[in-house]
Amino acid sequence: MTTKQNKPRKTSAFQHLMSVHWWMAGCYLILFCTGPIMARLPRDLPGRNGLYDFHKSIAIISLILLAWRVITLVRVWGKKYAKRFPKTTPKWWQKTLLHLSLYILMVGVPLTGFFFSNSFQANGVKLFGLVVPDLFPPNEDQVELGRALHFWSSYGFLLFVTYHTYQQWHYVRGTWRRWQGFRQGSRAR
């Protein structure tokens, strides 16, 4: 039986960090599902551009959430490491390098998407209908490079996400069980 003293204390900042984590996970799930679908759609299909705009809007939302997550993460690290610096064991390095890779790809994948969209056409990225300023100039010669960079960085990111999920499987399974319990409890009411 677990007592209050044995339970790990979760700070408000940690809870915010995990909340943003799950919102971002939802965004990435949408992006990973819509990306391969829209890439295979015929160019003349009605509604195809709307799916692209939705995909790009979710990517921008994920970047906004990433900025929020980084700010929150800095707060958590500031509190955690202010008292003592971590022991840099091989396991710590593995975890740190995995997360660093994830963060690099969380920025890199949308940037390659911007590059791909902007290379293809000016004003190629919109946030739910609002035109986002171009980060890269239109350049038809760069379209294939943009497509390849976005494709490979996306699937590299998916590989790292899969590994991260595997590493945290006990936590994912516990979260799923809590969510299922919450859903069953809300249905009983």
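Rules of the game
Within every chain, residues take consecutive numbers counted from 1 along the sequence as written. Residues qualify for local features only when their pLDDT is at least 70, as the model is predicted, and side-chain atom pairs are given and counted only at 80 or more; totals for whole chains, interfaces and linings, by contrast, use all residues. With hydrogens and water excluded, all non-hydrogen atoms of the structure serve as input to the side-chain values. UniProt positions are given in the numbering used here, feature names are shortened, and annotations may be inferred rather than shown by experiment. Helical segments are the DSSP runs of H or I of at least four residues, strand segments are the runs of E of at least two, and each set is numbered from the N terminus. Residues form patches when they are more than 30% accessible in relative terms and have no salt bridge. Like charges link within 9 Å. Nonpolar side chains (Val, Leu, Ile, Met, Phe, Trp, Tyr) link within 5 Å. For the area figures, the Shrake-Rupley method with a 1.4 Å probe applies, and any residue is considered shielded solely by the protein chains shown. Here a salt bridge means any side-chain nitrogen of Lys or Arg lying within 4 Å of a carboxyl oxygen belonging to Asp or Glu. Each residue's exposure class comes from its accessible area (1.4 Å probe, protein chains only) as a fraction of the maximum for that residue type: buried when under 20%, exposed when over 50%, partly exposed otherwise.

Labelled according to an unreviewed UniProt entry, the chain appears under the name Cytochrome B, originating from Roseofilum reptotaenium AO1-A. Here the chain is described in UniProt, under the heading Subcellular location (unreviewed entry), as follows: "Cell membrane".

(A) Fine view of the UniProt feature "transmembrane region" (unreviewed entry) in the chain. Those places that UniProt annotates as "transmembrane region" (unreviewed entry) correspond, in this numbering, to residues 20-38, 58-77, 97-116 and 149-166. Span residues 20-38 is 100% helix and 0% strand, its end C-alpha atoms 27 Å apart. End C-alpha to end C-alpha, residues 149-166 measures 26 Å, and it is 100% helix and 0% strand.

(B) Quick peek at a nonpolar patch on the surface. Together, Trp93, Leu97, Leu100 and Ile104 line one region of the surface with nonpolar side chains, adding up to about 410 Å² of accessible area. Turning to its location among the elements, Ile104 is positioned in helix H3 (residues 90-120). In this structure Ile104 comes out as exposed when scored by relative accessible area, which is 54%.

(C) Quick look at unusual backbone geometry. The backbone of Phe128 shows a phi angle near 45°, a positive value even though the residue is not glycine. Within the secondary structure, Phe128 sits in the loop between strand E1 (126-127) and strand E2 (130-131). Among the residues examined, Phe128 registers a relative accessible area of 53% and is labelled exposed.

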